[in-house]
Amino acid sequence: MKLCFLVEEQYRRDGMPVEVIHQLTAWGHHVDVVRPGGSLLHLTEAVQTSAHDAWVLKTVSGGPGLTSLEAAAWAGLTTINDVRAIRGVRDKALAAVIGLSRGLPLPATYAAAVPELLLEVPESEYPIVVKPADGSSGRAVHLVSSPRRLTEMLPRLAGEGMLIAQPYVPNSGADVKVYSVGGELYATERRSPLHPDHAVRERHVPLSREIADIAARAGVVYGLDLYGVDVVLGPDGPVVVDVNDFPSFRQVPDAPKRLARAVLDLAAGAAGAGGATTATTTATATTTAAAATTATMTTTATTAATTTAQPLLGAVPIPMTAGRKA
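Residues numbered from 1 in each chain as written. Predicted model: local features only at pLDDT ≥ 70, side-chain atom pairs only at ≥ 80, totals over all residues. Heavy atoms only, no water.

*Asks:* Sorry if this is basic, but what is going on with the overall build of the protein chain here?
*Replies:* Counting its secondary structure elements, the protein chain contains ten helices and 15 strands. When burial is assessed residue by residue, the protein chain has 52% of its 326 residues classed as buried. A sequence separation of at least 24 residues applies to 69% of the contacts in the protein chain between residues at least 6 apart. Surface accessibility of the protein chain: about 14300 Å² in total, with carbon and sulfur atoms responsible for 54%. (Helix = DSSP H or I, 4+ residues; strand = E, 2+ residues; numbered from the N terminus. Buried < 20%, exposed > 50% of the residue type's maximum accessible area, 1.4 Å probe, protein only. Contact = heavy atoms within 4.5 Å. Areas by Shrake-Rupley, 256 points an atom, 1.4 Å probe, with all protein chains shown as cover.)

Put into structure tokens, the structure is as follows:
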């Protein structure tokens, strides 16, 4: 296959996606790497003359790579993940509305174009978590104890663009990060960015049925194939606090091989489907997919998308959507 990876400057030497690209090349596939932030792009020519089976994006939130991927999608090219799905989770305010409207357990969410407007959040909601709507990697995430403390923080929040605020979900100080790759789910535990002094060793952990169902439904709700879901265990059960497209996949066993195989399967699936499968079609199948997830968790069989990679202990298989053309 011929693939195009859009890799932001920040990830030029990062294990993900560099190791995935190396694996695909070792298997004999052709991979072109485009650096949207580091070179002049003849964008119209690139998408109009592209012979790639799929375009794959690894970019920072707000980076120029997403525009390039959207251009490829509008030109009828296959993208991994679907560009509309990426937009849906990159904007955390939008992601909250999408998730809550489809029944995912997310906190109530307030949005403000300027920090001062957050002072209107009812005092009964405190403590609150404040973060940029386009943030990533735990950047500028703050646990705010009171309106007075928020007032003191306003200068630090200036320049962050759209902000969101959510009531803090009491938890142990550890997040559960669930990765979806190749039709399987893997869970890791790690220290919460809200509790930097909490001693938590990042490690692979068993995945409960309840969290697995939430993570699988998140993929369907947002239309993602390769993604991560951050969950905290609150007093009323698991709560989704973030969703990421193409995350680091840390602690996933043999991650480069599994991701490389997933990219190939998605590209092949899109070619076989003729691009007819869309994010909208996927989203309307939420109930069916959630039921299928529960059924597949009772078996040890892998999905068709992972026939070349055997499931490992701790992996939970889920239905895998086809690659898509926008």
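*Asks:* In this structure, what is going on with the pairing of strand β12 (residues 227-234)? I would like to understand it.
*Replies:* Consecutive residues of a regular strand have side chains that alternate between opposite faces of the sheet. The element β12 is extensively covered by neighbouring structure, given that seven of its eight residues are classed as buried. Inspection of the sheet shows strand β9 (residues 174-181) paired to β12 by five bridges, in the antiparallel sense. Among the inter-strand pairings, V176 is bridged to a residue of β12, identified as V231. Pairing between β12 and strand β13 (residues 237-245): eight bridges, direction antiparallel. Opposite V229, over in β13, you have V243 as the bridge partner. Between β12 and β13, which pair antiparallel and follow one another directly, the connecting turn spans two residues. (Pairing = 2+ DSSP bridges.)

*Asks:* Is there a simple way to think about the environment of V176 in this case?
*Replies:* For V176, the location among the structural elements is in strand β9. In the structure, V176 is positioned 27 residues away from R203 in sequence and 9.8 Å away in space, judged by C-alpha atoms.

*Asks:* For this particular structure, what's the right way to read the pattern of salt bridges?
*Replies:* Where charged atoms of side chains with opposite charge meet at close range, the side chains can pair. By the definition in use, this model includes twelve salt bridges. Put simply, D82 and R84 hold a salt bridge, and the shortest N to O gap is 3.3 Å. Under the relative-accessibility criterion, R84 is labelled partly exposed at 41%. Each member of the salt-bridge network shares a partner with another, and the members are R148, R149 and E152. (Salt bridge = Lys/Arg side-chain N within 4 Å of Asp/Glu carboxyl O.)

*Asks:* Help me understand the packing of helix α1 (residues 15-26) against helix α8 (residues 255-273) in this model?
*Replies:* If you want to describe how two helices pack, look at the angle between their axes and the distance between the axes. It is the contact of α1 with α8, at a shortest axis distance of 8 Å, that shows an interaxial angle of 70°. Looking at the two axes, α1 sits roughly perpendicular to α8. Judged by the sense of rotation from one axis to the other, the crossing of α1 with α8 is right-handed. Counting all contacts with α1, which are made through M16, E19, V20, Q23 and L24, the residues of α8 involved are A255, P256, K257, L259, A260 and L264. Per-class residue counts for the contact of α1 with α8 are eight nonpolar, one polar and two charged. (Axes fitted to C-alpha atoms, helices over the stretch in contact; angles between N-to-C directions. Parallel < 35°, antiparallel > 145°, perpendicular 65-115°, else oblique. Left-handed = near helix turned anticlockwise from the far one by under 90°. Nonpolar A, V, L, I, M, F, W, Y, C, P; charged D, E, K, R; others polar.)

*Asks:* Even after reading the chapter, I still don't get the sheet that holds strand β6 (residues 128-132), so can you show me in this structure?
*Replies:* Taken in spatial order, the four strands make up an open sheet running β5-β8-β6-β7, and their pairing is antiparallel. Edge positions in the sheet fall to β5 (110-112) and β7 (142-144), since each of these pairs with one other strand and no more. Taking the axes of each pair of neighbouring strands and ignoring which way they run, one obtains an average angle of 25° across the sheet. Where helix α5 (residues 92-101) meets the sheet, its contacts fall on β5, β6 and β8 (163-167), and the angle it forms with β8 comes to roughly 45°.

*Asks:* Could you clarify how one ought to interpret empty space enclosed by the protein in this entry?
*Replies:* Leftover empty space is mapped by rolling, across the atoms, a probe with the size of a water molecule. Tallied over the entire structure, the rule returns four cavities of 30 Å³ or more. Roughly 110 Å³ of volume is contained in the second largest cavity. Lining the second largest cavity are 13 residues; nearest its centre among them are K92, A95, L106, V241 and D242. Residue assignment for the lining of the second largest cavity shows that the elements contributing at least two residues are α5, β8 and β13. In terms of residue count, β13 provides more of the lining of the second largest cavity than any other element does, four residues in total. Split into classes, the residues belonging to the lining of the second largest cavity amount to nine nonpolar, one polar and three charged. (1 Å grid on protein atoms, 1.4 Å probe; cavity = no way out; pocket = protein on both sides within 12 Å on 5 of 7 lines; lining within 4 Å. Points joined across faces, edges and corners; volume = space filled by probe spheres on them.)

*Asks:* What am I meant to see in the nonpolar core here?
*Replies:* Residues L3, F5, L24, V181, L226 and F249 are the most contacted members of the largest nonpolar core, which totals 28 residues. When contributions to this core are tallied by element, the ones reaching two or more residues are β1 (2-7), α1, β3 (54-58), β9 and α8. For this core, the element with the most residues is α8, which contributes eight residues. Counting 26 residues, the second largest nonpolar core, distinct from the first, contains A96, V176, Y222 and V229. (Core = buried A, V, L, I, M, F, W, Y, C linked by side-chain atoms within 4.5 Å.)

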